Amino acid sequence: MSAWAEERRRGAQSSRHDECTVPSRWSHCRKRGVDGSLRTNRDAEGTEKEKYRHSDCRHSSFTTPESSGPVSRCGRRTDWGSQVEDDEMRRDVQKDMQRYRRRILAAEGSQRERKTSSGSSGSCDSREGDNMETDEAVLLRRQKQINYGKNTLAYDRYTKEVPKHLRQPGVHPKTPNKFKKYSRRSWDQQIKLWKVKLHAWDPPTDNGQDKVLDNIEELGLDDVMDIELDFPTLSDSHSASASLNTHGILLEDEDCMGTPVKIQKTEISAQPDSV
Amino acid sequence: MENSTEDYKIQSFDLDTQMLLKTALKDPSAVNLEKVSTIIVDQSLKDQVFSKEAGRICFTIVQTEAKQNNGNVFRRNLLNRLQQEFKDRKETRERSLQEWVCFVTFMCNIFDYLKVNNVPIVALVNPVYDCLMRLAQPDALVNEEEVDCLVLQLHRIGEQLETMSSQQMDELFFLLRDGFLLQEGLTSMTRLLLLEILEFRAGGWLLSSTAHKYYYSELAD
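Residue numbers run consecutively from 1 along every chain, following the written order of its sequence. Written order decides the labels, with chains lettered from A and ligands numbered from 1. Totals for whole chains, interfaces and linings use all residues, but because this is a predicted model, local features are given only for residues with pLDDT of at least 70 and pairs of side-chain atoms are given and counted only at 80 or more. The basis for every side-chain value is the complete set of heavy atoms in the structure, and neither hydrogens nor water enter the calculation.

Caption draft 1: Summary view of the overall build of chain B. Runs of H or I in DSSP of at least four residues are treated as helices and runs of E of at least two as strands, each being numbered from the N terminus. Within chain B, the regular secondary structure consists of 13 helices and 2 strands. Summary of the burial criterion: residues with accessible area below 20% of their type's maximum are buried, those above 50% are exposed, and those between are partly exposed, where the area comes from a 1.4 Å probe applied to protein chains only. Buried residues in chain B amount to 48% of all 221 residues. Any pair of residues with heavy atoms lying within 4.5 Å of one another is described as a contacting pair. Put simply, 65% of the contacts in chain B that link residues at least 6 apart link residues at least 24 apart. To be clear on the numbers: accessible area is Shrake-Rupley with a 1.4 Å probe, and residue cover counts the displayed protein chains and nothing else. Of the accessible surface of chain B, which amounts to about 10,900 Å², a share of 50% is contributed by carbon and sulfur atoms.

Caption draft 2: Quick look at the packing of aromatic side chains. Residues and elements named next belong to chain B. Two aromatic rings from Phe, Tyr or Trp, using only the six-membered ring of Trp, form a pair when their centres are within 6.5 Å; if the ring planes differ by under 30 degrees the pair is stacked, by over 60 it is edge-to-face, and anything between is tilted. What the rule picks out here adds up to 11 aromatic pairs over all chains. With a centroid separation of 5.1 Å and an interplanar angle of 90 degrees, the aromatic rings of F13 and F50 are classed as edge-to-face. One end of the pair, F13, is in the segment before α1 (15-26); the other, F50, is in helix α3 (residues 48-51), and 37 residues separate them in sequence. Note on accessibility: F13 and F50 belong to one class, buried. An angle of 90 degrees between the planes, with centres 5.0 Å apart, marks the rings of Y214 and Y215 as edge-to-face.

Caption draft 3: Structural context of the pattern of salt bridges. Throughout this description, the term salt bridge denotes a Lys or Arg side-chain nitrogen within 4 Å of a carboxyl oxygen of Asp or Glu. This structure, assessed with the given rule, holds 24 salt bridges over all chains. With its nearest N and O atoms 2.8 Å apart, the salt bridge here joins B:R75 to A:E88. Residue B:R75 is found in helix α5 (residues 73-87), and its partner A:E88 is found in helix α3 (residues 80-114); the two belong to separate chains. Overall, the relative accessible area of 6% leaves B:R75 in the buried class. Note on A:E88: relative accessible area 24%, which makes it partly exposed. The structure contains a network of salt bridges with shared partners spanning A:R77, A:D79, A:E85, A:D86 and B:R76.

Caption draft 4: View of the interface of chain A and chain B. Between chain A and chain B, the contact holds 19 residues from the first and 21 residues from the second. When two components associate, each loses some accessible surface as probed by a 1.4 Å sphere; the sum of these losses over both components is called the buried area. Together, the buried faces of chain A and chain B total about 1,600 Å²; carbon and sulfur atoms form 55% of this surface. The three residues of chain A that bury the most area against chain B are A:W80, A:V84 and A:R91, which together make up 42% of that side's buried surface. The interface formed by chain A and chain B includes 3 salt bridges. Two N or O atoms form a polar contact when they lie within 3.5 Å of each other; inside protein one atom must be a possible hydrogen donor and the other a possible acceptor, and for residues adjacent in sequence the pair counts only when both atoms belong to side chains. Between chain A and chain B we count 8 residue pairs in polar contact (both at pLDDT 80 or more) in total. Any residue that is not Ala, Val, Leu, Ile, Met, Phe, Trp, Tyr, Cys, Pro, Asp, Glu, Lys or Arg is counted as polar, Gly included; the first ten are nonpolar and the last four charged. Across the side of chain A that touches chain B, the residue classes break down as 3 nonpolar, 6 polar and 10 charged.

Caption draft 5: Broad picture of the environment of B:L195. Residues and elements named next belong to chain B. Tracing the backbone shows L195 in helix α12 (residues 188-202). Among the residues examined, L195 registers a relative accessible area of 31% and is labelled partly exposed. With 18 residues separating them along the chain, L195 and R177 place their C-alpha atoms 8.6 Å apart. Setting aside residues no more than four positions away along its own chain, L195 makes contact with F180 and Y215.

Caption draft 6: Representation of the nonpolar core in the model. By size, the foremost hydrophobic cluster in this structure holds 71 residues, and its most contacted members are B:I40, B:I57, B:L154 and B:L176. Those residues in contact with B:L176 that lie beyond four places of it in its chain are B:A136, B:L150, B:L154, B:L194, B:I197 and B:L198. Among buried residues, those of type Ala, Val, Leu, Ile, Met, Phe, Trp, Tyr and Cys that are joined through side-chain atoms within 4.5 Å constitute a nonpolar core. The next biggest cluster of nonpolar side chains, apart from the first, holds 12 residues, and it includes A:A154, A:V162, A:W194 and A:L198.

Caption draft 7: Examining helix α11 (residues 166-182) of chain B more closely. All names here are of chain B. The span you would expect from a helix comes to 1.5 Å times its residue count less one. The end-to-end C-alpha distance of α11 is 24 Å, a good match for the 24 Å that 17 residues give at a rise of 1.5 Å each. For α11, every residue scored as buried is listed here: Q168, M169, L172, F173, L176 and G179. The buried residues of α11 occupy an angular sector of 135 degrees when the element is viewed end-on, so they sit on one face. Residues of α11 that are exposed and point more than 90 degrees away from the buried face comprise Q167, F174, L181 and L182. Directions drawn from the helix axis to the C-beta atoms are what define this arc.

Caption draft 8: Inspection of the environment of B:L79 at higher detail. Structurally, the position occupied by B:L79 is in helix α5. Under the relative-accessibility criterion, B:L79 is labelled buried at 0%. Separated by 42 residues in sequence, B:L79 and B:S37 have C-alpha atoms that sit 9.1 Å apart. When residues no more than four places from it in sequence are discounted, the contact partners of B:L79 are A:W80, A:G81, A:V84, B:I110, B:I121 and B:L124.

Caption draft 9: Representation of the packing of helix α4 (residues 54-69) of chain B against helix α7 (residues 97-113) of chain B within the structure. Residue and element names in this part refer to chain B. In this analysis, axes come from line fits to C-alpha atoms, helices being fitted only over the stretch in contact, and the angle between any two N-to-C directions falls in the range 0 to 180 degrees. One way to put it is that α4 packs onto α7 with a least axis distance of 8 Å and a crossing angle of 45 degrees. Accordingly, the angle class assigned to the pair α4 and α7 is oblique. For the pair α4 and α7, the crossing hand works out as right-handed. Contacts between α4 and α7 pair A54, G55, R56, C58 and F59 from the former with F106, N109, I110 and Y113 from the latter. The cut-offs work like this: below 35 degrees is roughly parallel, past 145 is roughly antiparallel, 65 to 115 is roughly perpendicular, and the gaps in between are oblique. Helix crossings are classified by the rotation of the near helix relative to the far one: an anticlockwise turn of less than a right angle makes the crossing left-handed, while a clockwise turn makes it right-handed.

Caption draft 10: Structural view of the side chain of A:Q143. Among the secondary structure elements, A:Q143 is positioned in helix α4 (residues 136-150). A relative accessible area of 11% means that A:Q143 is categorised as buried.

Caption draft 11: Focus on the packing of α5(B) against α7(B). Residue and element names in this part refer to chain B. Where α5 contacts α7, the axes come no closer than 11 Å and their chain directions differ by 145 degrees. In this structure, the crossing between α5 and α7 has a hand that is left-handed. Residue-level inspection shows L78, L79, L82, E85 and F86 of α5 in contact with α7, the latter providing F103, F106, M107 and I110. A breakdown of the residues in the contact of α5 with α7 according to their chemical character gives 8 nonpolar, no polar and 1 charged.

Caption draft 12: Quick look at a positive patch on the surface. All names here are of chain A. The grouping of R103, K150, K164 and K174 at the surface amounts to a positive patch. Within the secondary structure, K150 is located in helix α4. Look at K150 and you get partly exposed, because its relative accessible area is 33%. Patches in this entry comprise residues that are over 30% relatively accessible and not in a salt bridge; like charges within 9 Å are linked, as are nonpolar side chains (Val, Leu, Ile, Met, Phe, Trp, Tyr) within 5 Å. Positive charges come from Lys and Arg, negative ones from Asp and Glu, while His and the chain ends are left out of the count. Where a charge sits is defined by one atom per residue type, namely NZ (Lys), CZ (Arg), CG (Asp) or CD (Glu).

Caption draft 13: Main features of a nonpolar patch on the surface. Residues and elements named next belong to chain B. Residues M189, L192 and Y214 make up a contiguous nonpolar surface patch of about 300 Å² in total accessible area. When you line up the elements, M189 lands in helix α12. The partly exposed category is assigned to M189, whose relative accessible area is 40%.

Okay, here's the thing in structure tokens:
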């Protein structure tokens, strides 16, 4: 199995990561070990060769799309350290939800005045307040997956390098919105892709970044968010990524069945030897 | 506003350890937090004075670590160690009343200080009640050490505990009333402490000024 396919598999199991204690091949990209302690750079070499294997973690394709997924044998965490973290997360999710609701209602108010009578609308926020994901179990699971992606050196570097107001939609990875209604498969796919995109900001290794391209092809892009692989200008040049072009990708926004849009982007910004 | 390190009552530690703790308070990422939590818990089980105030230093380290790098290594280690001690409480009490009392004091102090979003840690509520009810058993009420510990905790965290679970507080006070009324062999000091705590709770976790005069005026001299 290629390194990147392994990573993809691992990504699908991110919601159960905290129950799998075997270090993975990509541990060196994680900011924190499974016990929560910060990783230092010297951990990088040691974990490269270890094969990721844990009997409790199964690929998410084992589940039917709408079910809640395989039940972990580890069960609910009963140690006090974990209970506190879980309570904290629950509280944070509730707070997030209230904040999000307020934002949506505010947007709805101003939207109603501007809405046209044409069939498709660019943004479908008008009914989003009613169509929000509110199931706590789902939100917590999604939050855990998001946390797993944010708990990476790549995310750290990304947020430091690209402040929010400079982020371009489609170009820069965007954290999936846990409050939107998505099928389980769609959500898991979005998370996967988001994390793939984030890998562009991985701390430099000898292998270079060209493996990301192969990974995109393998993923099989059905109902996914747009992928525009415009790599950031890295201080250490990865010339292999310069001649990158994406293929036609179908963009389907789950919420608003608008017209599918093909996105093709071949231009790479500021790469020294671009094609 | 920074607490001077005297507030943390770390004088009982040797100088090297004091240095370690001071570093942990300022720069948690620079120390082995698992080691720090072990040191703190170990000392709390031995040192009565420290067990009453250790919560404060723990809270500061938790806050600082969270602010510094969003971590919770210290908190996790601390709580899990505490959980282990809780599991072993029966043996601890049999081995040493002093250690048992220190443990309860420490755990309640953690409950008091380590809040999450200003709410006490839910996972600690039942364990704390479990310990207090143990202290209210007949075989414990005959030990002034244990009664002393019990009323101290109720003074400090009784109100918060009741908010988290009033039913268990009611149960606890049934035991205290029974003990006060029915149990033979209690010293007058013990009865005094029990009576005071009964009045304290009845007054909404406040002692009326006249009751205060009755119970505490002697101390003024």
